[in-house]
Amino acid sequence: QQPVQSPQAVILREGEDAVINCSSSKALYSVHWYRQKHGEAPVFLMILLKGGEQKGHEKISASFNEKKQQSSLYLTASQLSYSGTYFCGTEMNTGNQFYFGTGTSLTVIP
Amino acid sequence: KAGVTQTPRYLIKTRGQQVTLSCSPISGHRSVSWYQQTPGQGLQFLFEYFSETQRNKGNFPGRFSGRQFSNSRSEMNVSTLELGDSALYLCASSLAVLGGSYEQYFGPGTRLTVT
């Protein structure tokens, strides 16, 4: 039931774009995205709900394909500050089940 | 507004001992969730408490338990510690129940080392 994230790791140069994917085998009600910098606590980025509602930071964009139970996080014109590990958290349609993926390590280099 | 606080920040215990970790949520938040984080395993959900009731529990043995007080502060307890319990334990608070349209705010974590 833990969602699968891909890629596991990615290295970008400043200004490049990246897409991080999150897939579940179960029907989802919501997908949450967080970023964790080394030695720090995870920080909220975005929530996507079944039905299309989204909530999050203006500079972050993401999508939620309800039919495929997949979500993607889009990082455009990457900056050094984007480096960290990105986690998706998924809430099942049945409720009361919330799981985080194993994370995607993103490194932005000058 | 003060963030989520966790105490202690670091802890070293020996196998067989028990440990209690504490979490104070953001004022007004009623949901507290606990996670175990180890390299390669990501964030493993332990349990969620809402209004002093355990609402949800992850796939962890009964040695892991928790509770929430009327002021929403939460504690988690691990009994009969094993080497594999060494991890960063994070708690997160939320305005309402975990999931839906409510984001979580994480504390800095407690680093537990079992020797």
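Our subject is the structure that appears above.
These numbers were taken from a predicted model, which means no experiment stands behind them.

Residues and elements named next belong to chain A. Taken in spatial order, the four strands make up an open sheet running β1-β3-β8-β7, and their pairing is antiparallel. Two strands close off the open sheet at either side, each with one partner strand: β1 (4-6) and β7 (61-65). Adjacent strand axes in the sheet meet at a mean angle of 15°, parallel and antiparallel pairs treated alike. Strand direction decides the pairing type here: β7 and strand β8 (residues 70-75), joined by five bridges, are antiparallel. Note on β8: the bridge partner recorded for S63 is S72.

Here we take up the state of the cysteines. Residue and element names in this part refer to chain A. Applying the stated criterion across every chain, the model contains two disulfides over all chains. Two residues, C22 and C88, share a disulfide whose sulfurs are 2.0 Å apart. Measuring the twist about the S-S bond at about 70°, one finds the C22-C88 disulfide to be right-handed. With a gap of 66 residues between them, C22 in strand β3 (residues 18-23) and C88 in strand β9 (residues 84-92) connect regions that are remote in the sequence.

A few words on the sheet that holds strand β1 (residues 5-7) of chain B. All names here are of chain B. A sheet is described by the order of its strands in space; here four strands give the open sequence β1-β3-β8-β7, paired in antiparallel fashion. Each having just a single partner strand, β1 and β7 (64-68) make up the two edges of the open sheet. Shown here is a sheet whose adjacent strand axes are inclined to one another by a mean of 20°, direction ignored. Bridging between β1 and strand β3 (residues 19-24) involves three bridges; their strand directions are antiparallel. Paired with T7 across the two strands is S22, which belongs to β3.

Under the counting rule described, the total for this entry stands at 10 aromatic pairs over all chains. For the ring pair F47 of chain B and Y49 of chain B, a centre distance of 5.6 Å and an interplane angle of 70° mean the geometry is edge-to-face. The same class applies to F47 of chain B as to Y49 of chain B, namely buried. One aromatic cluster is present, built from ring pairs that chain together Y34, F44, F87 and F100 of chain A together with Y35, F45 and F106 of chain B.

Locating G42 of chain B in the fold gives a position in strand β5 (residues 42-50). Those residues in contact with G42 of chain B that lie beyond four places of it in its chain are F87, G101 and T102 of chain A together with Q36 and Q37 of chain B.

Attention now goes to the interface of chain A and chain B. If you look at the interface, chain A gives 21 residues, while chain B gives 21 residues. With both sides pooled, the region where chain A packs onto chain B buries about 1,700 Å², and carbon together with sulfur makes up 54% of that total. The salt bridge involving E103 of chain B is made with K55 of chain A; its shortest N-O contact spans 2.7 Å. Our count for the chain A to chain B interface comes out at three residue pairs in polar contact (both at pLDDT 80 or more). Contributing elements (two or more residues each) for the side of chain A that touches chain B: β4 (28-36), β5 (43-49), β9 and β10 (98-100) of chain A. Of the residues forming the side of chain A that touches chain B, the biggest block, five residues, is contributed by β4 of chain A. Considered class by class, the residues forming the side of chain A that touches chain B number 10 nonpolar, eight polar and three charged.

So, on to the pattern of salt bridges. All names here are of chain B. If you walk through the whole model with that rule in mind, you get six salt bridges over all chains. Two residues, R63 and E82, come together in a salt bridge whose shortest N-O distance is 3.6 Å. You can see R63 sitting in the loop between β6 (53-57) and β7 and its partner E82 sitting in the loop between β8 (74-78) and β9 (87-94), a full 19 residues away along the chain. For E82, a relative accessible area of 42% gives the class partly exposed. Linking R73 and E75 is a salt bridge whose minimum nitrogen-to-oxygen distance equals 3.4 Å. What makes R73 partly exposed here is its relative accessible area of 25%. For E75, a relative accessible area of 16% puts it in the buried group. Ionic contacts of the salt-bridge type, sharing partners, join the residues R63, E82 and D85 into one network.

Rules used in this analysis
Residues numbered from 1 in each chain as written. Chains lettered and ligands numbered in written order. Predicted model: local features only at pLDDT ≥ 70, side-chain atom pairs only at ≥ 80, totals over all residues. Heavy atoms only, no water. Pairing = 2+ DSSP bridges. Helix = DSSP H or I, 4+ residues; strand = E, 2+ residues; numbered from the N terminus. Axes fitted to C-alpha atoms, helices over the stretch in contact; angles between N-to-C directions. Disulfide = S-S within 2.5 Å. Phe/Tyr/Trp six-rings, centres within 6.5 Å; stacked < 30°, edge-to-face > 60°. Buried < 20%, exposed > 50% of the residue type's maximum accessible area, 1.4 Å probe, protein only. Contact = heavy atoms within 4.5 Å. Buried area = accessible area lost by both parts, 1.4 Å probe. Salt bridge = Lys/Arg side-chain N within 4 Å of Asp/Glu carboxyl O. Polar contact = N/O pair within 3.5 Å; in protein donor to acceptor, adjacent residues only side chain to side chain. Nonpolar A, V, L, I, M, F, W, Y, C, P; charged D, E, K, R; others polar.

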